[in-house]
Each structure stands twice: as C-alpha cells, then as structure tokens.
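Here is what each chain is made of, one letter per residue.
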Amino acid sequence: MLNVLFSAKPQAWDAYQAPLSDAFAKAGLAVALARDHAPAKTDYIVFAPNGPVRDFAPYVNTKAVLSLWAGVETVVDNPTLTQPLCRLVDPGLTRGMVEWVTGHVLRHHLGMDAHILGQDGIWRDEISPPLAAERPVTILGIGALGAACGQALAGLGFAVTGWSRSPKDVPGLRCLHGAAGLQEALRAAQIVVTLLPQTADTQNILDAQNLALLAPGACVINPGRGPLIDDAALLQALDSGQIAHATLDVFRREPLPADHPYWAHPQVTVTPHIAATTRPETAAKIIAENIRRGEAGLPFLNVVDRQLGY
Ligand SMILES: O=CC(=O)O
C-alpha cells in the first residue's frame, strides 16, 4: 500500500479525492490517499503551493513531489526539497489555455470591442479585419502550453512565431530561440502571448526595449506569470499608444490589489488568474501515471530541472 499525501488547499480535496482514487485504481495502484500521513511513511506528495506542506525535510522516504500546478516557481527553490519535483502537464489545463488564448487573440484580431462596446447607431462598415494570415502572432514560450496555443492559432491561419530559450521545433510554427531569436520574434509582432515559466532569466522579458520591437499598436496577452512583464514599462507603452491593449491574467501580486493602475486603465483587461486551471479528471491520470512509473522503476515524467527552474 502506497501512502500518497494530498497537500493542497482544503477545498481542493473534494474535487480531487474521487478522480485521484479512480485513477490510482485504474493504474493498478493500491494507494492510501489522505491529507495527513506520517512524513517518514509518505511515498508521494501531491502538491499545490497553497497547501500545508512547506518543509519537505521530514519526508525522508518520499519518492517524488507531484505538482498540481504547471508553474513551479514558488517551490523550485525550496531548500528543503531534495526529492524529485514533477511539473504537471495536464491535457485539460492545456485545452483550457488554448481556448482562453484563442478567444483573446480573436478578440483583438477581429476588433470585437469596437462593435460590442460601440453600439451607437452609426454604421461603420469601412473597417473590416484582415485575415489571420496577415496578423503576425508571437508566442513567448513553446513548451506544452505555448506549443498547443501556437498550433491552434496556426490552424486558424495566423502567422505564428514561437520563441524558446533553447532550440525547439513545433510543426506549423516558425520557431526561434535565444537572445537574437527573441528580437526577431518580437519585431513587428502584432499580438504577443507570454507563456514562459517564471525564472530569473524570464523576469521582465517584456521590458521597454522589447515592447518597442513590437508593431505599433500591438496587443500583449499574458496568461503565463506576472513577472514576465515589466509593469511600469507596459503602462508607459500603453499610454504612448505603442501597445494598444494588454489582456493580463497573472500578476506579481495576486489578487491584484484594488488600487493597481491596471484595473482602471481603459486599455487593460484584467482576468483573475483563470486562463487555465488544472482539471481534476485529466490531472489525476497524469499523477497516477507518474506514480505507476516510479513504482515500475521508470523515470518520472516532467521532472523539473532545478538549475533551469522549470
Ligand atoms: O497557474 C497555474 C498553474 O501553474 O497551473
């Protein structure tokens, strides 16, 4: 019998208990799933940063910490964490992200606001949107989430460039990498979507210099992490018109404080970190598969590289 500790916020237990138990049974694993296990007897920890476990040192026999979140920036530097840490690559979360990103890209591409907000009795038929092929979109970060979003947008006909730190090849996307590739990826992009992990290297990747490379009047869409954007630089670029609109789902401080300038800015759309959440049914299968692999002596999936931070 494996002892699996569920360490997440209390409300998550109701959502995850049945899907996890079901997935463990289907994977042929005999598991005691609980919110409390003696640390030394805990085989695996299903982990969210908002759960009770902060000190991993007593979990001396724990074989892996399995994150319920895609982003691991709040735990990756925890000095007590010596066990392997696995990120979650959840097909349900990925689908949610594809839907959210596609929706917000189409909003800007089609200029929907002008019609939704501008019902003023004046028939303005002189402006029709270009086709997607004429709209360069850049995705910063082409891991599981960025690649899926990029491919969905390419499927709609958008000219999509994907950028990553190291070389990657994603079918349907023009893929660039490294510092020189970043400039080329941003140059003249009309919509940029940030889906990079939060690391020391990606902090403020959209700073004043890089925002200035985008096409005048570009839109920024950030469902990744707040620190990817230099907030002061973005506000300045919005005020100058260099950036026409920013749709932001994630922030340095969450919940975004009520007096933050983003809330009141007419060219900013704030969504409350809802772009993509982990879906218990699909996530449970991934967690169970990783435990199955661990028990079968196979390498875990999506192990975090502690040096790289993701
Ligand atoms: O932001 C959500 C996640 O990291 O899963």
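Calculation notes
Residues numbered from 1 in each chain as written. Predicted model: local features only at pLDDT ≥ 70, side-chain atom pairs only at ≥ 80, totals over all residues. Heavy atoms only, no water. Near = heavy atom within 4 Å. Polar contact = N/O pair within 3.5 Å; in protein donor to acceptor, adjacent residues only side chain to side chain. Areas by Shrake-Rupley, 256 points an atom, 1.4 Å probe, with all protein chains shown as cover. Phe/Tyr/Trp six-rings, centres within 6.5 Å; stacked < 30°, edge-to-face > 60°. Helix = DSSP H or I, 4+ residues; strand = E, 2+ residues; numbered from the N terminus. Buried < 20%, exposed > 50% of the residue type's maximum accessible area, 1.4 Å probe, protein only. Contact = heavy atoms within 4.5 Å. Pairing = 2+ DSSP bridges. Axes fitted to C-alpha atoms, helices over the stretch in contact; angles between N-to-C directions. Salt bridge = Lys/Arg side-chain N within 4 Å of Asp/Glu carboxyl O. 1 Å grid on protein atoms, 1.4 Å probe; cavity = no way out; pocket = protein on both sides within 12 Å on 5 of 7 lines; lining within 4 Å. Points joined across faces, edges and corners; volume = space filled by probe spheres on them. Nonpolar A, V, L, I, M, F, W, Y, C, P; charged D, E, K, R; others polar. Arc of directions from axis to C-beta. UniProt positions renumbered as here; feature names shortened; annotations may be inferred.

> Could you clarify how one ought to interpret the site of the ligand in this entry?
Around the ligand, the surrounding shell consists of Trp69, Ala70, Gly71, Leu93, Arg225 and His273. Ala70 places a polar main-chain atom, nitrogen or oxygen, 2.7 Å from an oxygen atom of the ligand. Between an oxygen atom of the ligand and a main-chain N or O atom of Gly71, the distance comes to 2.7 Å. Coverage of the ligand by the protein chains reaches 87% of its 190 Å² of free accessible surface.

> Any chance you could explain the packing of aromatic side chains here in plain terms?
Note on aromatic pairs: each is described by the distance of the centres and the angle between the planes. Applying the stated criterion across every chain, the model contains five aromatic pairs. With 5.7 Å between their ring centres and 40° between their planes, Phe6 and Tyr16 make a pair best called tilted. In this pair, Phe6 sits in strand β1 (residues 2-7) while Tyr16 sits in helix α1 (residues 10-26), placing the two residues 10 residues apart along the sequence. Take Phe6 and Tyr16: they sit in the same class, and that class is buried. For the ring pair Phe251 and Tyr262, a centre distance of 6.1 Å and an interplane angle of 55° mean the geometry is tilted. Of this pair, Phe251 sits in the loop between β11 (243-248) and α8 (261-264) while Tyr262 sits in helix α8; the two residues are 11 residues apart in sequence, bridging distant segments of the chain. A relative accessible area of 1% places Tyr262 in the buried class.

> Any chance you could explain the side chain of His108 here in plain terms?
Inspection of the secondary structure puts His108 in helix α2 (residues 91-110). Among the residues examined, His108 registers a relative accessible area of 14% and is labelled buried. Once residues lying within four places of it in the same chain are set aside, the contact partners of His108 are Arg135, Ile191, Cys219, Ile221, His245 and Thr247.

> Explain the sheet that holds strand β5 (residues 85-86) here, please?
Reading across from one edge, β2-β1-β3-β4-β5 is the order of the five strands in this open sheet, with parallel pairing throughout. The open sheet has two edge strands, β2 (31-34) and β5, and neither has a second partner. The strands that α1 touches are β1 and β2; relative to β2, the one it contacts most, it runs at about 175°.

> What is the right way to look at the pattern of salt bridges in this model?
For side chains bearing opposite charge, pairing can occur when the charged atoms are close. Across all of its chains, the model carries 10 salt bridges by this definition. The partner of Asp113 in a salt bridge is Arg107, and the shortest N-O contact between them spans 2.5 Å. The residue Asp120 makes a salt bridge to Arg124 at a minimum N-O spacing of 2.9 Å. Classification of Asp120 by relative accessible area gives partly exposed; the value is 42%. Accessibility expressed as a relative area gives 42% for Arg124, which makes it partly exposed. Connected via shared salt-bridge partners are Asp43, Lys63 and Glu295.

> Hey, could you run me through empty space enclosed by the protein in this one?
To find leftover empty space, a probe the size of one water molecule is rolled over the atoms. For the coordinates displayed, the defined rule picks out one cavity of 30 Å³ or more. Here the largest cavity is characterised by a volume of approximately 50 Å³. Lining the largest cavity, in full, are Leu66, Ser67, Cys86, Arg87, Leu88, Ile286, Ile287 and Asn290. Elements with a contribution of two residues or more to the lining of the largest cavity: β4 (64-67) and α9 (280-295). When residues of the lining of the largest cavity are assigned to their parent elements, the largest contribution, three residues, is made by α9. Among the residues making up the lining of the largest cavity, the classes are represented as five nonpolar, two polar and one charged.

> So what exactly am I meant to see when it comes to helix α5 (residues 178-186) here?
Quick reminder: α-helices carry 3.6 residues per turn. Residues three or four places apart thus point the same way. Residues of α5 that are buried: Gly178, Gly181, Leu182, Ala185 and Leu186. Each buried residue of α5 sits inside an arc of 125° when the element is viewed along its axis, so together they form one side. Exposed residues on α5 whose side chains face more than 90 degrees from its buried face are Ala179 and Ala180.

> Before we go on, may I ask you to explain the UniProt feature "domain: D-isomer specific 2-hydroxyacid dehydrogenase NAD-binding" (unreviewed entry) in the chain in this structure?
Per the UniProt record, "domain: D-isomer specific 2-hydroxyacid dehydrogenase NAD-binding" (unreviewed entry) is found at residues 107-275. Split by type, residues 107-275 is 28% helix and 20% strand. Its first and last C-alpha atoms lie 15 Å apart.

> Quick question: what am I supposed to make of the environment of Trp163 here?
Looking at the secondary structure, you find Trp163 in strand β7 (residues 159-164). Residue Trp163 is classed as buried on the basis of its relative accessible area, which comes to 7%. Taking the C-alpha atoms as reference points, Trp163 and Leu173, separated by 10 residues in sequence, lie 9.6 Å from one another. Apart from residues no more than four positions distant in its own chain, Trp163 is found in contact with Ile139, Leu140, Gly141, Ile142, Leu176, His177, Gly178, Gly181, Leu182, Ala185, Leu196 and Ile205. Looking at Trp163, its side chain comes within polar contact range of the main-chain oxygen of Gly178, at 2.8 Å.

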